[in-house]
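Examination of the molecular architecture
Below are the chains, spelled out letter by letter.
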Amino acid sequence: MDSSHLMDSLNSAQREAVLCTDGPVLILAGAGSGKTRVLTHRVAYLIYQKGIKPWHILAVTFTNKAATEMKDRILKLSRGAGKESWIGTFHSICARILRVEGEKLGYGKNFLIFDRDDQKRFIKNVMEDLNVSEKEFQPEAVLNAISGAKNAFVRPDEYQTIAKAPFEYAVSRVYPLYQRMLKQNNIMDFDDLLVNPLLLFQEYPTILEQYQNRFSYLLVDEFQDTNRTQYIFLKYLAGRNRNLCVVGDDDQSIYRWRGAEIENILNIENDYPDCKIFHLEQNYRSTKNILNLANSIVKNNQLRRDKTLWTEREEGDKVTVLELDDAYAEALNVVGIIKDELMAGSRDFSDFAILYRTNAQSRLLEDALRQAAIPYVIVGGVKFYERKEIKDVLAYLRLTCNPRDTVSFKRVINFPLRGIGDSSVLKLEDFADANSISLLEAAGRADEVTTISSRIRKSILEFFQLISKYASLREQFSAGELAQALVDEIGILRSFKEINTEESFLRAENVRELLLAIVNYTKTNKAATLDAFLEEVTLITDIDNWDDKSNAVTLMTLHSAKGLEFPVVFVTGLEEGLFPLSRTFDNHADLEEERRLFYVGSTRAKEKLFITWAAVRPRYGESFNNLPSRFLKEMDQSFFETRNLRRFNHYRSERASSNPDYSPSYAEIADEYAEIVMGREVKHELFGIGKILRTDGHGENMKITVRFYEAGEKRLVVKYANLEVLY
Ligand code: ATP
Ligand code: MG
């Protein structure tokens with residue numbers, strides 16, 4: 001079969017990389033240089049030109065979205081022949097192998113795969129059996145430690161030898177039993193999917209040989225993000241034929257926090273000394289300005305292989321850095337630019353991507369898009385009000401407003417954990433039915449349900465009292481205060497903090513963002529009650545189903561954007577503490593990873609790139625101004641221009657100006673006065689509108705001096721002043 005259609009669309013470096021089919025190959029190249037394109041063409045070439053049977057080819061990547069795209073491209077190029085190749089994510093490929101071979105490891109054919117929630121429930125039982133206190137050691141933290149161990153290929157019995165602190169000793173007890181129990185129940189968790197094939201290959205050399213023969217050609221995209229187990233998996237499979245082609249960019253390694261080891265790509269010659277290395281240097285994606293700017297960012301990293309990357313594409317517009325007063329202005333301006341671009345013609349909604357560091361940032365952007373009636377989708381994530389932690393808190397609030405809300409009741413009766421299982425809830429439900437009362441009322445009479453153990457009855461009663469308390473406080477307190485107090489009392493922010501992972505940190509941010517949304521809602525709308533807020537939220541989630549998902553603006557975290565490209569890209573929130581995240585300040589390696597993330601984000605853009613930062617990002621936990629991200633200072637001046645849209649220029653908070661190195665931490669204590677800053681206009685019920693001249697103190701004790709346009713200068717205690725902040 002003629003393969004000229006394959007080669008015509010490749011440059012000479014890409015062609016060479018496709019033609020070098022045998023032996024270990026590393027294609028190490030910068031963003032947008034056609035790595036994924038080479039990989040897909042290589043598969044088609046193997047089938048067409050080399051006559052390799054499609055089922056001897058295994059192609060792996062990381063996300064489902066990337067895998068689907070890869071499959072589509074391969075099918076097109078191979079005119080359908082690639083259908084029989086194995087193309088998928090590591091997890092899906094491994095699951096497929098284990099479905100066939102699992103019995104040899106002692107699993108049944110139809111083993112279950114546990115997701116995170118299942119795992120959580122499961123590990124709690126295990127901890128209980130071992131008398132490992134949930135109070136002392138958070139189940140989620142234990143789970144994370146086990147997951148980390150699995151991904152580093154540390155077996156249950158080996159963990160003991162590395163345990164040093166009390167927490168690790170606890171894990172070293174839980175891990176073996178957890179693993180044994182999973183197996184007894186014919187269950188694998190997500191990490192087992194990666195670990196079990198390794199155990200299989202270790203124990204059964206003949207089976208390994210079988211798979212080595214079966215997959216005579218291995219191809220891996222985004223290789224820089226492989227972790228230990230994934231690396232060993234590939235090493236096993238490539239052990240005989242050694243036709244391993246890995247494709248990646250060390251500058252785009254962004255999953256260290258999930259166990260990715262950038263060394264896998266940097267030191268590949270250790271395991272494959274005969275590895276042929278190809279560099280692709282021509283970028284086809286971005287304009288010169290975008291590409292040069294991105295290069296000027298990433299070259300500040302030390303742990304990297306230097307690369308050349310150039311483009312024949314036009315100069316293009318300079319990258320735009322937008323400086324904004326606050327995150328509201330940021331959202332409005334991003335949407336404003338999208339509108340302008342649309343008005344100018346020739347662009348679709350789907351040409352735009354808005355990227356951010358943390359999920360919590362999406363709320364304001366979502367609000368602004370919704371108000372402008374611009375359809376949007378969130379890739380690889382969930383919309384703000386659909387996130388688990390948000391739904392949990394909303395369920396509590398709903399229950400305080402509506403005692404008959406059975407769904408909410410069930411959602412939170414055992415969240416946080418109170419030891420109230422499904423069977424107790426069933427008994428309670430029967431009791432409620434028999435007496436024609438709501439579940440919540442039944443909870444109040446839990447003592448009458450004698451089929452439930454007295455310990456659990458006590459927990460149920462406590463839950464009832466908690467909800468009743470907040471239901472009765474609704475009259476006295478504003479919605480914002482009520483929500484804040486409730487969140488404090490159930491302690492979910494505390495527990496996220498204890499879990500202390502990137503994920504839990506981001507989830508805490510989401511909850512703070514929700515509290516802020518409620519506070520703002522009541523501020524801008526004096527008659528606003530909690531009920532009204534909840535109703536509005538319900539409406540948002542209901543009407544949010546845009547018909548045409550394919551033609552919509554894309555919102556996503558920078559992490560999800562890897563491998564994708566868009567004509568117009570916004571990278572938002574370039575502020576110290578947010579991007580880079582403050583938790584990375586102390587660790588050089590983490591900081592370099594943040595920088596790579598910025599590089600990944602910037603290189604998604606084909607034609608236009610906007611980078612934004614806001615001087616104030618009103619989040620719980622912040623009452624002072626942000627400093628622009630250090631990454632902005634590192635960028636080469638020649639490739640961008642700054643558009644200063646700040647109305648209140650040159651303001652620096654006292655702390656920031658007295659200490660130039662000071663960088664605020666987003667994890668600080670709650671404070672709802674973040675919007676009260678010098679220069680802001682506020683409205684007071686009696687004095688009318690005025691401008692803030694000075695602020696003293698923080699939080700509860702904050703006092704401000706305002707020059708009211710009519711009433712003159714006044715000094716006010718913010719807490720009692722009943723101010724509305726104007727934008
Ligand atoms: P990333 O590092 O972001 O994963 P990549 O190196 O995988 O990028 P691709 O996504 O394969 O790059 O290619 C980037 C863009 O350039 C795509 O739109 C692709 O179609 C185009 N492209 C790549 N090579 C060529 C070529 N030889 N001729 C024309 N277009 C090309
Ligand atoms: Mg790619």
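Details of the structure are given in the entry above.
The present account deals with the structure reproduced in this document. Keep in mind that this is a model prediction, so the values were computed, not measured.

1. Description of the pattern of salt bridges
Pairing is possible between side chains that carry opposite charge, provided their charged atoms lie close to one another. Counted by the stated rule, this structure contains 48 salt bridges. Residues E101 and K104 are paired through a salt bridge, measuring 2.8 Å at the closest nitrogen-oxygen approach. One salt bridge connects R507 with E389, and the closest N-O pair in it is separated by 3.4 Å. Within this pair, whereas R507 is found in helix 25 (residues 502–524), its partner E389 is found in helix 18 (residues 388–401), the two being separated by 118 residues in sequence. According to the relative accessible area criterion, R507 is buried, its value standing at 10%. Residues joined by salt bridges that share partners form a network here, namely D249, D250, D251, R304, D306 and K307.

2. Thoughts on the site of ligand 1
Taken together, 19 residues surround ligand 1, and among them K35, T36, R37, E565 and R604 come closest. Between ligand 1 and K35, the relevant distance is 2.6 Å, taken from an oxygen atom to a side-chain nitrogen or oxygen of the residue. The contact in question runs from an oxygen atom of ligand 1 to an N or O atom on the side chain of R37, over 2.8 Å. Here ligand 1 loses 85% of its free accessible area of 630 Å² to cover by the protein chains. Broken down by element, the shell around ligand 1 gets its largest block of residues, three residues, from helix 3 (residues 35–48).

3. Here's the deal with the packing of aromatic side chains
Scanning the entire structure with this criterion turns up 19 aromatic pairs. Aromatic pair Y107 and F111: ring centres 6.4 Å apart, planes at 65°, arrangement edge-to-face. The pair formed by Y107 and F111 is uniform in burial state, with each residue classed as buried. The interplanar angle of 20° and the centroid separation of 5.0 Å between the aromatic rings of F570 and F610 together place this pair among those described as stacked. With F570 in strand 13 (residues 566–571) and F610 in strand 14 (residues 605–616), this pair connects stretches of sequence that are 40 residues apart.

4. So, unusual backbone geometry
Note that the residue after F415, namely P416, is joined by a cis bond; omega there is -10°. Checked against the element boundaries, P416 lands in the loop between helix 19 (406–412) and helix 20 (422–434). We note that R79 has phi near 50°; this positive angle belongs to a residue other than glycine. Tracing the sequence through the fold places R79 in the loop between helix 4 (64–77) and strand 3 (86–89). Since its relative accessible area comes to 55%, R79 is described here as exposed. Of note in this structure, R242 is not a glycine but carries a positive phi near 60°. Take R242: it is sitting in the loop between helix 12 (228–237) and strand 7 (244–248).

5. Some points on the sheet that holds strand 2 (residues 57–61)
Ordered by their spatial adjacency, six strands build an open sheet running 3-2-6-7-1-8, and the pairing between neighbours is parallel. Among the strands making up the open sheet, the edge pair consists of strand 3 and strand 8 (276–278). Mean inter-strand twist for the sheet, computed between neighbouring axes without regard to direction, equals 15°. Bridge count between strand 2 and strand 3: four bridges; the pairing is parallel. Bridge pairing links A59 to I87 in strand 3. Against the sheet, helix 5 (residues 90–101) engages strand 2, strand 3 and strand 6 (217–220), with an angle of about 120° to strand 3.

6. So, the environment of L439
Of note, L439 is situated in helix 21 (residues 439–444). Judged by its relative accessible area of 6%, L439 is buried. In sequence terms L439 and P403 are 36 residues apart; their C-alpha atoms lie 7.9 Å from each other. Setting aside anything within four residues of it in sequence, one finds L439 in contact with T406, F409, K410, L428, E429 and A432.

7. As for the environment of F687
Along the chain, F687 falls in the loop between strand 16 (681–684) and strand 17 (688–696). As for F687 and R155, which are separated by 532 residues in sequence, their C-alpha atoms are 68 Å apart. Contact partners of F687, with chain neighbours within four places excluded, come to F708, A711, K714 and L716.

8. Here we look at helix 27 (residues 588–602)
A rise of 1.5 Å per residue sets the reference length of helix 27, with its 15 residues, at 21 Å; its end C-alpha atoms lie 21 Å apart and thus fit the reference within 8%. For helix 27, the buried fraction is high: twelve of the 15 residues fall into the buried class. What helix 27 keeps buried is the set L591, E592, E593, E594, R595, R596, L597, F598, Y599, V600, G601 and S602. Against helix 15 (288–298), strand 10 (352–356), strand 13, strand 14 and helix 28 (630–634) lie the buried residues of helix 27. The N-terminus of helix 27 is capped by N587, whose side-chain oxygen sits 2.8 Å from the backbone nitrogen of A589.

Conventions and cut-offs
Residues numbered from 1 in each chain as written. Chains lettered and ligands numbered in written order. Predicted model: local features only at pLDDT ≥ 70, side-chain atom pairs only at ≥ 80, totals over all residues. Heavy atoms only, no water. Salt bridge = Lys/Arg side-chain N within 4 Å of Asp/Glu carboxyl O. Helix = DSSP H or I, 4+ residues; strand = E, 2+ residues; numbered from the N terminus. Buried < 20%, exposed > 50% of the residue type's maximum accessible area, 1.4 Å probe, protein only. Near = heavy atom within 4 Å. Polar contact = N/O pair within 3.5 Å; in protein donor to acceptor, adjacent residues only side chain to side chain. Areas by Shrake-Rupley, 256 points an atom, 1.4 Å probe, with all protein chains shown as cover. Phe/Tyr/Trp six-rings, centres within 6.5 Å; stacked < 30°, edge-to-face > 60°. Pairing = 2+ DSSP bridges. Axes fitted to C-alpha atoms, helices over the stretch in contact; angles between N-to-C directions. Contact = heavy atoms within 4.5 Å. Expected span 1.5 Å × (residues − 1).

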